[in-house]
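Coordinates in review
Next come the chains, spelled out residue by residue.
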Amino acid sequence: MEVKLWNDKRERETYENFSELYAIIKATEKLEKAYIRDLISPSDYETECQKLIVHFKTLSASLKDLVPSIERFAQTYKMDCSAAVYRLVTSGVPATVEHRAAAVASTSSSASVVAECVQNFITSMDSLKLNMVAVDQVYPLLSDLSASLSKLSILPPDFEGKVKMKEWLVRLSKMGASDELTEQQARQLHFDLESSYNSFMAALPSAGN
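For the structure given in this document, a descriptive report is provided here. (Residues numbered from 1 in each chain as written. Predicted model: local features only at pLDDT ≥ 70, side-chain atom pairs only at ≥ 80, totals over all residues. Heavy atoms only, no water.)

Secondary structure assignment for the chain yields nine helices and zero strands. Across the 209 residues in the chain, those meeting the buried criterion constitute 40%. Of the roughly 12000 Å² of accessible surface on the chain, a fraction of 51% belongs to carbon and sulfur atoms. (Helix = DSSP H or I, 4+ residues; strand = E, 2+ residues; numbered from the N terminus. Buried < 20%, exposed > 50% of the residue type's maximum accessible area, 1.4 Å probe, protein only. Areas by Shrake-Rupley, 256 points an atom, 1.4 Å probe, with all protein chains shown as cover.)

A separate point is the nonpolar core. Membership of the largest hydrophobic core comes to 32 residues, with the highest contact counts inside it found for L142, L149, L193 and F200. Taken together, the elements giving at least two residues each to this core come down to helix 6 (111-129), helix 7 (135-150), helix 8 (160-173) and helix 9 (183-203). Among the elements that line this core, the one with the most residues is helix 6, at eight residues. Discounting chain neighbours no more than four positions away, the residues touching L142 are S124, M165, W168, L169, L172, L189 and L193. One finds L31, Y45, F56 and A84 within the second-largest nonpolar core, a separate group that totals 23 residues. (Core = buried A, V, L, I, M, F, W, Y, C linked by side-chain atoms within 4.5 Å. Contact = heavy atoms within 4.5 Å.)

Secondary-structure assignment places S127 in helix 6. A distance of 2.7 Å separates a polar side-chain atom of S127 from the backbone oxygen of S124. With residues near it in sequence (within four places) discarded, S127 still touches M132 and L141. (Polar contact = N/O pair within 3.5 Å; in protein donor to acceptor, adjacent residues only side chain to side chain.)

Close contact between helix 2 (residues 42-62) and helix 4 (residues 82-91) brings their axes to 11 Å; oriented N to C, the two are set at 65°. In this structure, helix 2 meets helix 4 at a crossing whose hand is right-handed. Each of Y45, C49, L52, I53 and F56 in helix 2 lies in contact with helix 4, whose residues at this interface are R87, L88 and V89. Here the contact of helix 2 with helix 4 is composed, by residue class, of seven nonpolar, no polar and one charged. (Axes fitted to C-alpha atoms, helices over the stretch in contact; angles between N-to-C directions. Left-handed = near helix turned anticlockwise from the far one by under 90°. Nonpolar A, V, L, I, M, F, W, Y, C, P; charged D, E, K, R; others polar.)

A word on the packing of aromatic side chains. Geometry of an aromatic ring pair is reported as the spacing of the ring centres plus the angle between the planes. Inspection of the entire model under this criterion finds five aromatic pairs. Centre to centre, the rings of F18 and F73 are 5.8 Å apart; their planes meet at 75°, and the pair counts as edge-to-face. Taken together, the residues span a long stretch of sequence, with F18 in helix 1 (residues 9-36) and F73 in helix 3 (residues 70-76) at a distance of 55 residues. There is no split in this pair, since F18 and F73 are both buried. (Phe/Tyr/Trp six-rings, centres within 6.5 Å; stacked < 30°, edge-to-face > 60°.)

So, about the environment of Y22. Among the secondary structure elements, Y22 is positioned in helix 1. When residues no more than four places from it in sequence are discounted, the contact partners of Y22 are F73, Y77 and M79.

Looking now at the side chain of S60. Of note, S60 is situated in helix 2. We classify S60 as buried; its relative accessible area is 17%. A distance of 3.3 Å separates the side chain of S60 from the backbone oxygen of K57, its partner in a polar contact.

With phi around 60°, D38 is a residue other than glycine that occupies positive phi space. If you trace the backbone, D38 turns up in the loop between helix 1 and helix 2. You can call D38 exposed: its relative accessible area is 67%. Unusually for a residue other than glycine, N131 sits at a positive phi of about 65°.

The structure is reproduced here in structure tokens:
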């Protein structure tokens, strides 16, 4: 006899989303342990961790009404994934980024500002993937990103991210709040964000320096 876990399409999507959330948390826990044990290179760890964080943020945002607490979700399903919960919920950035942030902090900049910049980059890129392309949706995100980048003294005035975000803010300020970016504009903005993010990460001193 076949037992159905759902009665309609909505319930099915809910179960599938729960399953995906479970998988992301488990994968992050395994990744964290592999990094701690030096079973994965820092660069590979950072790439994979960043992907998991982005997927987690996207999924958890859509499930916020059904899953208001990730910690409780993990407890309910007896997941025992404290490292993953810390990485996904508390930190929000890969451990390698935290290490570089600490190095930045030792040179008189704030580690929290570095984490803030990373979060703003991820949120801005993620919003475009979710097709949030209206001016009143995009402008605040880029404004927050621009402001956080300006707080870091290690970044020169002509830093790529600073320049491009200011250019986009000027462009958006000339549009109406309900206007939307075209597909080409959204693609270009995502490219500029990704390029600026890579330049930002490269500009941070390594933890060993």
